[in-house]
Structure formats: C-alpha cells, structure tokens
Amino acid sequence: MPVVRWHDLITGSPTLADANLDRLVHNAHRIQLRGDILRRNGHPRETATRPRTNATPAEIMRNRRPTSPEYASTGAWQRLAEATGQDQCWLVSQGRILHDPFGTSLDDIGDYGPISRGMTAPLLDIRRIYLEPAAAGLPRGRQVLDRFPAAERIPVQSHWRIPELREGDPEDFLRPKREVLVLGVKKGLAFRPNGRSADFIAPSTSNGCAIACAYCYVARRKGHANPISVFANIEEILAATARHAATLGPKAAPNQVDPRDWVYDLGENGDLSVDALVSDNVRDLVALFRSLPNAKGSFATKWVNPDLLGYDPQGRTRIRMSLMPHGLAKLLDIRAAPVAERIAALPDLHRAGYEVQVNFSPVVLREGWEAEWGALFEELDATLPAAVKDRLAAEIIMLTHNAALHEVNLAWHPKAEEVLWRPDIQEEKRSETGAANLRYRTGWKGRWLQRFRDLLAARMPYCRVRYAF
Ligand code: SF4
C-alpha cells in the first residue's frame, strides 16, 4: 500500500491512517520493491515504469524550501513523494542515508538537516495557530507567527479554553498535535517545591506536546489533542526564575536532586526538545541558567533536536533522556524519537555541554520485562562514554495509569492498553483531584521495583538512582 495513498485507502478515518503511519513509517526501514514477482520461474524481471520527474529530491526540496519549518513535515514529505512519482522517498537517519532510490548525495541535502528528521519522523506541519491577542503583541509571539506565516490565525481569549481542542474526537487527536499551535501568555508564575525530578517546578514556557505517549499525564489534565501551547511572555518567566534563584541563595545541603545547585524542572507539561522547533524559548532558558551561579535547569525529553547542540549550556542545564525498551517505546511512545536515536544522542549532548541523566519512565511490566530492560541497560553501557558514566544518575518511575485515559486510548490505540491496563496486577488509587488512577499493587510493586534496581545495578553499576517509586 503506497504511503502517499494511505489516507485515501483507509477511508473514513484519517486518524487511523495517521496512527498507522506514525507507528509504521516512523520506526521502519522501508525498502521499495520493484519488478515482477520472482515466483514466476523463468520470467525476466520487468523494471517498473513509474512516471517521474527528472528533478532530484534535493532539487525539489530546494525549490520548495519555505521560510518556516514546514519542510520538516509529513505534508512536505508526501508532496516530495508525489512530485517525484515515487511512493516513497529516501530514508535518512542521523545524517546517514540508509536507503536512497535516487542516488542523492549527502552534499545535496547537506543544507537541509531538519529534512532528515522530517522524512523519518514528521512531527510538525503547523496550519492553525490559536492566538491570545496579548501574545501576538510580544516579540516572542511575533517570532512564532513569523515562523509559520501560512498558518491560519484564530483569536482566542484563553489558551485553556479552546473547546474544539479540549473536547475533540479522541480518534482524531493526532492531527492537531501535528497541525496546531497555541500561542498564549503564562499567567501564574508560581514555583512549586518538588524534591523528585528537581527542587522546584518552574513556571513553564509551554504546555502540551506534539508527541503522543499513550500514558501521558498531561493529556489527562488538558484534553486529548493537547498540542503545543507556547507562552510568549518569556521575558517575564525568565525574570521570575532569576529572582527566585537569587532569593534562595546558595544551596545549604546536598540532596538527591543535586549536590550543589538548586535545580528547576522546566518541562513538566511538554517536551522542550520539541518546543525548540517552534520558538527560542528553550534557547533563552539555557542561556539564563548559564548565568545563574546557584541554579540549574532540567528537563526530560523523548525527542532529539540537533539545534540544542548549539545552545552552549556550560553544564548548567540537565537533560534527562527518557528511555524504555525499544519494542515498548514503539508501542507506547507514539511520535517520539526512536529509542536508538535517543541513546545515540547522549554522547553528543554531553559534548555540547549538557549534564546528561536518564529517566527510566514509565516502567511498564509485561511478560519478559527483565530481559528487555536488561538489553537496554547493556546497550546504554556500550554506548555511553566514560565521562557520562562517571556522573550518570537515573530516575525510575513505575507506571501509573488512569481510567479516563484508558477509555480514550481504547478509541485510538487499543493495543497500548494491552500493556497499560492490567487490572490483574494493578490497584486503584484516588488522586487528590478524585481521578481514578491505577498503579501496580502494593507489595508487588515494591518487589518489582527492587528487581528493576538490582538489574540496573548489575548491568550499570556506576549509575546512581536519584529516586525510584
Ligand atoms: S513526551 Fe511527555 S508530555 Fe509529551 S506526550 Fe510524552 S509523556 Fe506527554
């Protein structure tokens, strides 16, 4: 089934088509077969005579190069395929062409680094921007609007009250994740004490995510579509953070979060590596913490954005790469970077000046979980340079699920629920807000967590566990 015709052939459900594309194309090495079937003994193979232009993909992309990151999009990818008369393009991963039916050289696409991401992992194709009027008047708001000049602009009073996003059909929520941005102003600038991932949760510079992890707690609070909302009042957020750190003064005593610095979690409600595709907010945050003598920024991520390598963090920003076994991530981390890519990025991030840690989260128990996690630890051990291992720390978080999210997932990704929804080994726990959450059963959970820690200690004895629950 040609990928470019996927939406036509899976009639009546573009979401299903999107979900399949995301899961299959994103993680696949695609090899296009041509010619006659080989079972017909003795018949010479015929070369497919598909019409195509004479232009190379690089020429086509050069002509189409827009003024926004639109080129890193499913749409651009599909248009490229159509324009060349092919039902697939080339496959590029981390700058290497793995399969190129056109013989395009790396030099030809060298100017188009983000294309390599767009080809294999189309994440954003912004067509609509919901816009708070106050955000449009701020420099950061104007920067975002300038990056997506062709996007339709829809005025809204509040980034929290967009009913078509909040109440949209769960079967169609991957589309807004790719096509919609919300541009707003962060109102509350409170700092919440944390004590796990960080000392404090800083006021966020965004809320929402273009990735679609099946267990995501952000979606539980803000509706299923939950596309990226960028906050344009970055200057206010940066100033509040600097004031907060200045008020704290030096950290009095080391704790599990950090031996010396106050640590602020910057990306509680989204993925900052993805946010960096749409605005300079992340670059500004990294620059702020570079200048604070007593504080570090920190965020967890499931995306690999090479732009971050140029931000010069000077050790003052911690990136916690979220990892789980490859097969599980393919099933659950929809639209995230493949785990192999995340692991491969760790040495680069370290060399670029980030403090690198790992986030084993969520730990999802299924048949054979110890073998698959053990293999992941071995892969990490073989990949990480000694300088990263020397200071490596991990956080471990066992899965908690949620009854309402379970219902949503059944509508768009029931396969994920086969591992997430396990009443046989889970128990209900009411959250502070009264929501029905599920976690692994008391007693069992502690034993499984200990086995996880033992496994980690055996394969990566240098990896300190910052916290586990
Ligand atoms: S990356 Fe984080 S915020 Fe984004 S969908 Fe996954 S869990 Fe949610």
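In every chain, residue numbers begin from 1 and rise along the written sequence. Totals for whole chains, interfaces and linings use every residue, but because this is a predicted model, local features are given only for residues with pLDDT of at least 70 and side-chain atom pairs only at 80 or more, for both listing and counting.

A. Representation of the environment of alanine 300. Structurally, alanine 300 is set in strand β12 (residues 295-301). Along the backbone, alanine 300 and glutamate 268 are 32 residues apart, and their C-alpha atoms lie at a distance of 8.1 Å. Residue pairs qualify as contacts under a 7 Å threshold applied to their C-beta atoms, which are placed from the backbone. When sequence neighbours within four positions are dropped, the list of residues in contact with alanine 300 reads Gly267, Arg320, Ser322 and Asn359. Helical segments are the DSSP runs of H or I of at least four residues, strand segments are the runs of E of at least two, and each set is numbered from the N terminus.

B. Broad picture of the site of the ligand. Being near a molecule or strand means, for a residue, that its backbone-placed C-beta atom lies within 6 Å of it. The immediate surroundings of the ligand are formed by Cys209, Ile211, Ala212, Cys213, Cys216, Val218, Gly270, Asp271 and Lys302. Here the nonpolar group is Ala, Val, Leu, Ile, Met, Phe, Trp, Tyr, Cys and Pro; Asp, Glu, Lys and Arg are the charged ones; every other residue, Gly included, is treated as polar. Of the residues that constitute the shell around the ligand, the class distribution is six nonpolar, one polar and two charged.

C. Inspection of the nonpolar core at higher detail. To define a nonpolar core, we join buried Ala, Val, Leu, Ile, Met, Phe, Trp, Tyr and Cys residues through C-beta atoms within 7 Å and take the resulting set. Using C-beta atoms placed from the backbone, we call a residue buried if 20 or more other C-beta atoms fall within 10 Å of its own, exposed if 12 or fewer do, and partly exposed for counts in between. If you look at the biggest cluster of nonpolar residues, it comprises 97 residues, and the most contacted ones within it are Leu181, Leu183, Cys213 and Leu332. In this structure leucine 181 touches Ile126, Ile129, Phe148, Pro227, Ile228, Val230 and Val278, once residues within four positions along its chain are discounted.

D. Looking closely at the packing of helix α17 (residues 369-383) against helix α21 (residues 444-459). In the contact formed by α17 and α21, the axes pass within 9 Å of each other and the chain directions differ by 30°. Between α17 and α21, the angle is such that the two are roughly parallel. In terms of crossing hand, the pair formed by α17 and α21 is right-handed. Between α17, through Glu370, Trp373, Gly374, Phe377, Glu378 and Asp381, and α21, the contact on the second element is made entirely by Arg451, Phe452, Leu455, Leu456 and Arg459. Along the lines of polarity and charge, the residues of the contact of α17 with α21 split into five nonpolar, one polar and five charged. Axes, fitted as lines to C-alpha atoms, cover a helix only where it is in contact. Angles between the N-to-C directions of the axes lie from 0 to 180 degrees. Each angle receives one of four descriptions, namely roughly parallel if under 35 degrees, roughly antiparallel if over 145, roughly perpendicular if within 65 to 115, and oblique otherwise. The hand of a helix crossing depends on one turn: near helix anticlockwise from the far one by less than a right angle means left-handed, and clockwise means right-handed.

Just geometry here; none of it tells us what the structure is for.
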